[in-house]
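What the coordinates show
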Amino acid sequence: MAVLVTGGTGYIGSHTCVEFIQKGQELVILDNLCNSKAEVVDHIETLTGIRPRFYKADLLDIDAVKKVFDENDIDTVIHFAGLKAVGESVAKPLEYYTNNIVGTLNLLSEMRKHNCFNLIFSSSATVYGKPKTVPIKEDFELTTTNPYGTTKLYIEQILKDLCVSDNRFSVVLLRYFNPIGAHESGLLGDNPNGIPNNLMPYVTRVAKGILPHLNVFGNDYDTPDGTGVRDYIHVLDLASGHYAALKALSERGVHIYNLGTGNGYSVLDIINAFERVNDVKIPYQIAERRPGDIAECYADASKAEFELGWKAIRSLDDMCASAWNFEKNL
Ligand code: NAD
Ligand code: UD1
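Residues numbered from 1 in each chain as written. Chains lettered and ligands numbered in written order. Predicted model: local features only at pLDDT ≥ 70, side-chain atom pairs only at ≥ 80, totals over all residues. Heavy atoms only, no water.

As for the pattern of salt bridges
Counting across every chain of the model gives 18 salt bridges. Close ionic contact of R175 with E156 constitutes a salt bridge, the shortest N to O distance being 2.7 Å. One end of the pair, R175, is in strand β6 (residues 170-176); the other, E156, is in helix α6 (residues 147-165), with 19 residues separating them in the sequence. Look at E156 and you get buried, because its relative accessible area is 0%. Linking D166 and R168 is a salt bridge whose minimum nitrogen-to-oxygen distance equals 2.9 Å. Of the residues examined, D166 reaches a relative accessible area of 9% and is grouped as buried. The structure contains a network of salt bridges with shared partners spanning D42, E45 and R51. (Salt bridge = Lys/Arg side-chain N within 4 Å of Asp/Glu carboxyl O. Helix = DSSP H or I, 4+ residues; strand = E, 2+ residues; numbered from the N terminus. Buried < 20%, exposed > 50% of the residue type's maximum accessible area, 1.4 Å probe, protein only.)

In structure tokens:
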């Protein structure tokens with residue numbers, strides 16, 4: 001039996017593939033390469049000694065999805081594939097709703113036709129909108145502020161409805177906080193196209209001299225140093241969280257977990273840690289707040305620890321060192 005990883009050549013998917021192969025799991029990857037490269041499959045092979053079967057296929061192409069299920073014995077799907085840029089989703093809502101939601105619907109209908117009922121879905125802390133308090137627990141109110149976030153919320157709802165209608169399904173919704181860092185080999189990491197939106201890839205490009213300085217979006221938030229606070233989690237911890245989540249699939253219905261560390265770090269904390277660990281300078285300027293940003297967002301991750309036996313173990317220093325090691329290797 002194989003696990004199908006949609007979006008398996010992407011940032012989080014590729015690290016998760018390595019984790020699963022190292023645990024002895026047979027994998028099949030489906031990705032249309034709209035935001036990743038085929039050579040990631042080579043890197044996964046280099047790191048594990050095993051080459052997963054790879055399909056360059058689009059979830060919007062239902063015949064291509066069917067082919068993957070016809071040709072493989074898939075009992076579980078880890079569904080990473082989706083578009084994820086918040087700003088772009090505001091400019092292109094139809095593309096985001098189509099890609100993320102129709103893509104998921106196609107996947108689910110092929111899963112059901114092929115008697116595959118286990119799914120782990122990449123959700124996001126973005127579904128908590130602007131939380132009233134922190135740390136954030138799984139039962140907090142859900143709301144979104146942009147089309148990207150709304151696709152995540154709608155897909156969560158679709159999956160909940162599906163489980164009510166068909167009790168053969170087991171679904172785990174993993175709400176990621178802020179994944180950063182890279183594989184220690186420097187072969188896998190976050191390499192967004194164009195100018196990065198997220199903090200860490202921006203910082204690494206400033207460190208490398210590709211971008212002149214970092215804009216710190218606001219220093220007047222109600223936080224210890226005035227800059228935004230987030231729950232940064234090492235992508236390898238996130239990957240192991242997916243393996244731990246398999247346990248929850250043994251019980252039918254929907255299971256929801258925050259994957260974060262429970263620690264909040266500010267933008268200035270990140271700059272200081274990155275400079276100290278890597279012995280490089282990150283020139284920065286204080287800029288206007290970014291529209292839609294919130295002051296503080298960090299997880300209560302105790303449910304995942306209690307029920308899955310999973311806990312993030314890597315430090316902020318590890319995250320900064322591995323992110324820089326990856327950027328230097330590019
Ligand atoms: P990524 O862009 O690196 O990976 C996503 C992969 O999906 C890419 O390789 C892309 O080519 C593929 N893809 C997109 N649409 C597709 C389609 N229609 N058919 C086939 N393949 C398709 O992103 P990532 O950071 O690895 O994120 C993975 C998932 O986790 C996404 O669903 C994202 O929304 C979610 N997530 C990411 C973050 C984050 O900060 N990176 C935070 C929360 C949630
Ligand atoms: C962003 C998305 C969120 C998504 C998450 C993970 C927005 C509004 N939100 O969250 O939906 O789930 O990424 O993909 O885009 N910062 C700077 N300068 C920069 C970049 C960021 O100061 O150049 C600050 C931000 O203001 C924030 C922190 O760094 O305080 C982290 O930003 P980012 O990495 O973009 O993540 P989020 O805002 O948490």
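That was the structure; now back to the text.
Regarding the domain arrangement of the protein
The accessible area lost on association of the parts is a frequent measure of interface size. Taken domain by domain, the protein holds domain 1 (2-180 + 231-259) and domain 2 (199-230 + 263-329). Computed over C-alpha atoms only, the centres of domain 1 and domain 2 are separated by 24 Å. Facing the 28 residues of domain 1 at the interface are 25 residues of domain 2. For the pairing of domain 1 and domain 2, the buried interface totals around 2600 Å² over both sides, and the portion due to carbon and sulfur atoms is 64%. If you sort the residues of domain 1 by the area they bury against domain 2, D231, Y232 and D237 come out on top, with a joint share of 26%. The interface formed by domain 1 and domain 2 holds two salt bridges in total. Note that R314 is salt-bridged to D237, the shortest N-O span being 2.5 Å. There are 15 residue pairs in polar contact (both at pLDDT 80 or more) connecting domain 1 and domain 2. Within the residue set of the side of domain 1 that touches domain 2, elements represented by two or more residues are β7 (178-180), β10 (232-234), α8 (235-245) and β11 (253-259). (Domains from an automatic or database assignment. Contact = heavy atoms within 4.5 Å. Buried area = accessible area lost by both parts, 1.4 Å probe. Polar contact = N/O pair within 3.5 Å; in protein donor to acceptor, adjacent residues only side chain to side chain.)

Some remarks on the site of ligand 2
Of all residues adjacent to ligand 2, which total 19 residues, the nearest are L199, N215, R230, R290 and D293. Here an oxygen atom of ligand 2 sits 3.2 Å away from a polar atom, N or O, in the side chain of T126. At a separation of 2.6 Å, an oxygen atom of ligand 2 approaches a polar side-chain atom of D293. For ligand 2, the accessible surface in isolation is 740 Å², of which the surrounding protein chains cover 87%. When contributions to the shell around ligand 2 are tallied by element, the ones reaching two or more residues are α7 (199-208) and β8 (214-217). Split by residue class, the shell around ligand 2 holds nine nonpolar, seven polar and three charged. (Near = heavy atom within 4 Å. Areas by Shrake-Rupley, 256 points an atom, 1.4 Å probe, with all protein chains shown as cover. Nonpolar A, V, L, I, M, F, W, Y, C, P; charged D, E, K, R; others polar.)

A few points about the sheet that holds strand β3 (residues 53-56)
The seven strands lie next to each other as β3-β2-β1-β4-β5-β6-β11, forming an open sheet whose pairing is parallel. Taken across any chain shown, the strands that pair with only one partner, and hence form the sheet edges, are β3 and β11. This sheet shows a mean twist of 15° between the axes of neighbouring strands, independent of strand direction. Here strand β5 (residues 118-124) pairs with β6 via seven bridges, running parallel. Looking at the pairing, S122 lines up with L174 of β6. (Pairing = 2+ DSSP bridges. Axes fitted to C-alpha atoms, helices over the stretch in contact; angles between N-to-C directions.)

Section: the packing of aromatic side chains
The full count for this structure, using the stated rule, is five aromatic pairs. Between F117 and F169, the aromatic rings sit 5.1 Å apart at their centres with planes inclined by 90°, giving edge-to-face as the arrangement. Separated by 52 residues along the polypeptide, F117 in the loop between α5 (93-113) and β5 and F169 in the loop between α6 and β6 bring together distant segments of the chain. Over the ring of Y243 we find K23; its NZ or CZ atom is 4.7 Å from the centre of that ring. (Phe/Tyr/Trp six-rings, centres within 6.5 Å; stacked < 30°, edge-to-face > 60°. Lys NZ or Arg CZ within 6 Å of the ring centre and 35° of its normal.)

Some details on the site of ligand 1
In the neighbourhood of ligand 1, 27 residues make up the surrounding shell, with D31, N35, S36, F80 and K84 lying closest. Within the side chain of S36, a nitrogen or oxygen atom sits 2.6 Å from an oxygen atom of ligand 1. Computed on the free molecule, ligand 1 has an accessible area of 820 Å², of which 95% lies beneath the protein chains in the complex. Those elements that place two or more of their residues in the shell around ligand 1 are α1 (11-22), β2 (27-31), β5 and α6. Sorting elements by how many residues they give to the shell around ligand 1 places β5 first, with three residues. In terms of residue class, the shell around ligand 1 is built from twelve nonpolar, eleven polar and four charged.

Quick look at the pairing of strand β1 (residues 2-6)
Buried residues dominate β1, accounting for five of its five residues. Residue alternation in β1 divides its side chains into two sets, A2, L4 and T6 and V3 and V5, and both sets are buried. Bridge count for β1 against strand β4 (residues 74-79) is five bridges, and the pairing is parallel. Within β4, the residue paired with T6 across the bridge is H79. Of the strand pairs in this sheet, β1 and β2 are connected by four bridges, and their pairing is parallel. Counterpart to T6 in the pairing with β2 is L30. In this view, the connection linking β1 to its parallel neighbour β2 by way of α1 has right-handed handedness. (Right-handed = clockwise from strand over helix to strand, strands pointing away.)

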